[in-house]
Structure formats: C-alpha cells, structure tokens
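# Commentary on secondary and tertiary structure
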Amino acid sequence: MTTPKSELHNMLSLENSPSKLNGHARKKTPEKKLGSPQEAIVHIRNRKNERHAAIKIDSLEASNSQLKIIGWCFGECTIKLVHNKRNTPHEINRNRRLDVANSLKVSEPESGFGFTVTTTLQNGEYTLQLQTLMDEYETTYDFPLNIKKTITHQEKKSNSPQPLGFIEVAAVANTTTDAVVVGWALHSEDTAIWIEDEEGFPFSLQWAFRLFRQDVLDAYGNSFGHTSSMAGFMLHINGVKPGNKLRLMAQMMDGEPAVLGEVECTSLPTDPVAASRWLFGIQTPMGQLHQRFPLVDIPVINSLKEHQQHTQDDLPVQVRQLGQPPRQPLVSIIIPLYGRTDFVEHQLIEFTRDSWLAQHAEIIYVIDDPRLVEEFAAQAELLYRLYRLPFRWVWGSTNRGFSGANNLGVQHASSEYLLFLNSDAFPQQPGWLQQMLDVLADNPEIGAVGPRLVFADGSIQHCSMEFSRREELGIWINHHPRMGLDPKLDPHRELTTVSAVTGACLAVSRINFDRIGGWDTSYLIGDFEDSDFCLKLRRAGLQIAYLPTVQLTHLERQSFKLLGQDDFRTRVVIYNAVRHQTRWRDLIEASTNGIV
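Everything in this summary refers to the structure shown in the same document. The residue numbers shown here count from 1 along each chain, following its written sequence. The predicted origin of the model limits local features to residues at a pLDDT of at least 70 and limits the giving and counting of side-chain atom pairs to 80 or more, whereas totals for whole chains, interfaces and linings rest on all residues. By convention in this description, side-chain values take in all heavy atoms of the structure and omit both hydrogens and water.

### Here's the deal with the overall build of the protein chain
Which entries qualify depends on this criterion: Helix and strand assignments follow DSSP, with helices taken as H or I runs no shorter than four residues and strands as E runs no shorter than two, numbered in order from the N terminus. Note that the radius of gyration is over C-alpha atoms, with the globule rule given as 2.2 Å times the number of residues to the power 0.38. Only protein chains enter the accessibility calculation, which uses a 1.4 Å probe; a residue whose area is less than 20% of its type maximum is buried, one above 50% is exposed, and one in between is partly exposed. The contact definition used throughout considers only heavy atoms, calling two residues in contact when any of these lie within 4.5 Å. Each accessible area is a Shrake-Rupley result for a 1.4 Å probe, and residues are judged covered by the shown protein chains and nothing else.
A count of helices and strands for the protein chain gives 15 helices and 32 strands. Taken against the 2.2 N^0.38 rule, which gives 25 Å for 596 residues, the C-alpha radius of gyration of the protein chain at 33 Å runs more than 25% over that of a compact globule. Dimensions along the principal axes, computed over C-alpha positions, put the protein chain at roughly 100 × 50 × 45 Å. Each of the 596 residues in the protein chain was classed as buried or not, and the buried ones make up 54%. By sequence separation, contacts in the protein chain at least 24 residues apart represent 72% of the contacts at least 6 residues apart. About 27200 Å² of surface is accessible on the protein chain, with carbon and sulfur atoms providing 48% of the total.

What follows is the structure, given as structure tokens:
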C-alpha cells in the first residue's frame, strides 16, 4: 500500500525522527547521483521529466560546537540529517521564502520553503537526506556535506558567514538592451559581490537600489544581523538580450569567486507605459521611490521613450484641410484630440464669434487616439459645412501623448506664433488671442504667456503655477494656487511674471519653440510636460507670464490629488515628478525663493 499524496504533503514538517515513509511504499535507490545543493539548486524530476522536488543549501556554518545548515526545499518531501550514516539528534525550523516561491512560480505553503537545521558539531561525516515518494517509489537522495571547508574558514578567517544571494528575475527590453535585475544579497561590507553576464562582464551592485526584505531578514537575521534588513536590490544594466543568463557572483572567504544565483533574462515590454506597469509592480515604499527611480526606472524608460520617438518619426501622417485658411496666418492654434471629440463643435462656435481669429489664425486639430480617426473624419466634414470656419486635422498613425501630439501639430503649422490649446477649453470673449500675442510681440523677454482658466462654475482653475514640496515623498509637485476660489480673489490684475503656466492654453513664438526643442516627450502619461516646457524657456533666459485680463473656461476635473488614486497612477506622478526635479532642481528651488 502506498502513502496517499495528501498525507505525504503533511509530512513536509521536516521532522528529525526517522522518516514516516518507511514501510508505506517500495524503496528505490536513485539511478544516478545528483549534484551538490551546496553548489547549485538540485532539481529532482520524475520519469516524465517533470520537476518533482528541489533543494538548495544557501549556507553551512560550523563552529567548535554547532553546525547550522540554512537552505530551502520544495516539493512533497522530507529531509533529515545523518552523521556517520546514522540518525543524529537535530532541530529543524521552518521559515517563509518569498524569493523561492517567486522564482519557481509556485504557491508557498504556510510553513514555508525555507529551513534551518542545527545540531551539535562532531567529528565525522554529515549527510543531508531528502526522501520523497515519486513514481510510486520511496526514494532517498543523499547529499554529503562539505563541513571541513567551512570549519577552516571559521578558524582561519573570521566568524562572518559566507555571502548569500539570489536573482529572482531579470527583464530586458530587446529594443534597447536595457535590463533590470531584481534579487537579494547578504554579505559583509568588505566582500566583493557583483552581477556577471555570460561573457564574464561584471556589473557592480554599488549602483543598485537597496530595499528592505522581511523574508530575508526572517531567514538570515540571526546570522547577518542588521545588514540582512536591506538585502533586496534592483539594478539597471545594459548590453544584454532576452535569453541571456546572468549570475550573481561573490568572492568567498578563500578568495575564490562563487555563483550565488543564476537567472535567464525574460523580455521587458517595449512600450514605455507597459514597461512602467511591470517596473512599478516591484513593490517599493512610496517614500523611497524618489531614490529608486533615478537609479533604475528612469534610465530604462528614457531609452524606451527614445526608441519609441524614433519609430514614430517614420510613421505615415494623414492630413486633411477643410476650407481655405488665411494666406499668411499669424498664429497656429494646435489642439490635440484624445478620448472624445464632442467638445470640438462648441470650440468652433466660439472661434467663429471672433473675427480677428478667423482672419489671422490657422486651426489644427491633432488626432491622438486611433479610436477617433474614423469618427472625427466624418464629423469634421459636417462641422465645416455648418460653420464654414477653415481648419485642418492631422493623424500621426499612433498615440503620441500630449507632447508628441503638440510637436506633430507644429510640424504642420506655418505661423510666426503658436497657441497650444486643450479641446475642452473655450474662450469667453472675442479678442482673447490677439491680447495674448500682443504680450509676446511687445515683450521679447517673455517666452510664453498663459491666461486665467476657470471651471464651469466660474471658480479659478489656473492663475499661474507654483512648485510645492511633498517632503514625505521626496518630490516637488506642480501646484495651482487659489484653485476653486472666486476670480475676484486673484491678486493679479495685470500681466505678471510667474514660475510657470499650464499647457491647457499657452502661447509662444515659433522661434522660441524651436530654440528649446519643443515639448519633451519622455514623461509618462501627461504630467509635468507644461512646467518642463516653461522651465526650458527660463533656462534659455526667457520669462513666463500670466495674463489675468484674458479668461477661458476649462472643463478639466476640478481637483487633482496626488494620493488617493489608483496605485499605478500615483507611481506615475511620482516618477514624472522625480524626472522633472532631476532636470530642473535649481530653477524649482529658485522659484520657491521668489526668483522667476
């Protein structure tokens, strides 16, 4: 009679008594010897070549009186310690090993995969036995332990444990060869430890982001002390491909290098947003993301963004002109369309009421959503027949984001000035655009100008932009002062120099636009692009102005809260804020001191 599998699973208590499997199944001697779990993971496979069990000894510590074996064991099996081919008293404690569960892609039992075996050290030979029921046979695997080498280290070197580590995952974008390696490592301060590729090229962990790992602390805290709390690491490297193998290496106490862990690189999504979802899924406390992003995420996503931009430059662009625009327009109004187009008619109605705009402006709608192309193509024909106001629409074959859509619109503009406008922003009176352009024409020191924006209820949405410190997150965020208040409470009554203005309605000359290289397309999902644009103008020696005598209605959401949104969106804001402040910290801090 064989032991039921459910009963056998319960035997994974790793008891130090003789195996309960004896007498319940036919015994079988392994057909071949396996490698040593002290050197690498030993996988045990059944007759179908399916993984049945696995064992790894992470460290073996010996002193004059005690032997301690730390490792992990997966599968329906039990282990015990044998001394000179006889059972010997020993104690086994279990612990969770999240790194093993993630690497093997299996659920971890409540007792955990990890084990620590301790016994009184005696002269002689020690063997760790793994016993399992496989293919209807009870099979015992003997793993002789190399004790002498460890004792020599203890006697000759120090009481410090040997370095330990594991690579849990490595993902690489095949379009850029940028990779992220995630794992953990425990070692003394004077121990050399590094990542190595298949060619033996080393990548130092000196530049890794280190993070707290409770599972590693639970398993090895007694051996490594406080250093085991920050054992986790994330490292950005370059020059590898999916399928390449990476090794975690360490210099052991005898001076020889040893492999602590090995992993095969998987593929990281090539789309920057998809890649960021994968990266941001690697849990890190919110308050530490500002430290992690510059080391790991920003280099990877910047490379993907750069590759994406090169790809988009080669895509076909569709252009449709409806009606005859002004022969020599003074200003090009560029309006990106994403998600919806129902506001376009209301915007065109307001434009038709402004005779100066009709005579001097060319209107360019940039479709930035593939779902809108067919719908808007038909809608545009109808709107032109109804209102007879010439306009042009452009479709760049893909979603390029707010900055990319604006840059595409500029490529199809022919005016001296540019006005960037959201599709849900509506002028309240004629002459608004002329006033904004007069500011730029009369004040060459001003690089960009923006009006007051109000919500549908008339309250202030935008009357300039400031930078506010979120100390608990380590970031500077964009802040809209006096949002939600009555416009009468706006202290500005005339043209005012400010730190920045919103991109929902912003005017700039074409010369200055080209001077700063246009909109930056490397931010994720539309944050900080307008303040980045303004700060580039300021870096070029120009000023940013707010014009409260011009007012538009903007139907954007009435509040923006950094926290309280979904987790991914919050991390996107922090990512963009970190990238933004890394580029512009000096100007941001100067602005908070009143220098604009």
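Continuing now.
### Focus on the pairing of strand β3 (residues 51–62)
How we decide: Being paired, for any two strands, means DSSP has found at least two bridges between them.
With eleven of its twelve residues buried, β3 lies for the most part within the structure. Pairing of strand β2 (residues 42–45) with β3 involves four bridges; the strand directions are antiparallel. When the sheet's bridge partners are listed, Arg 45 is paired in β3 with Arg 51. Between the antiparallel neighbours β2 and β3 lie five residues, among them Asn 49 with a positive phi of about 65°. Two elements, β3 and strand β4 (residues 66–75), share nine bridges in a ladder whose sense is antiparallel. By the bridge assignment, Glu 61 is partnered in β4 with Lys 68.

### Re helix α14 (residues 529–539)
Taking burial as the measure, the eleven residues of α14 include ten buried ones, the bulk of the element. Among all positions of α14, only Glu 529, Asp 530, Ser 531, Asp 532, Phe 533, Cys 534, Leu 535, Lys 536, Leu 537 and Arg 538 are buried. Positive backbone phi, at 90°, marks Gly 541, one or two positions downstream of α14.

### Here's the deal with the packing of aromatic side chains
Two aromatic rings, taken as a pair, are described by how far apart their centres are and by the angle between their planes. Formally: Only Phe, Tyr and Trp rings take part, Trp by its six-membered ring, and two of them pair if their centres are within 6.5 Å. Stacked means planes under 30 degrees apart, edge-to-face means over 60, and tilted covers everything else. Look at NZ for Lys and CZ for Arg. If either is within 6 Å of the ring centre and within 35 degrees of the ring normal, a charge sits over the ring.
Across all of its chains, the model carries 16 aromatic pairs by this definition. Ring plane angle 75° and centroid distance 5.9 Å describe the contact between Phe 343 and Phe 426, whose orientation is recorded as edge-to-face. Highlighted residues: Phe 343 in the loop between β21 (331–337) and α8 (344–352) and Phe 426 in strand β25 (residues 425–427), separated in sequence by 83 residues. Aromatic ring contacts, followed pair by pair, group Phe 402, Phe 420, Phe 513, Trp 519 and Phe 533 into a single cluster. Of note, Arg 277 hangs over the ring of Phe 568, and the distance from its end group to the ring centre comes to 3.9 Å. Directly above the ring of Tyr 523 sits Arg 579, whose terminal nitrogen or CZ lies 4.5 Å from the centroid.

### A look at the side chain of Ser 591
As for its placement among the helices and strands, Ser 591 is situated in helix α15 (residues 567–592). A residue is classified by how much of its surface remains accessible, and Ser 591, at 11% relative accessible area, is buried. Setting aside chain neighbours within four positions, we find Ser 591 in contact with Phe 467, Ser 499, Arg 538 and Val 596.

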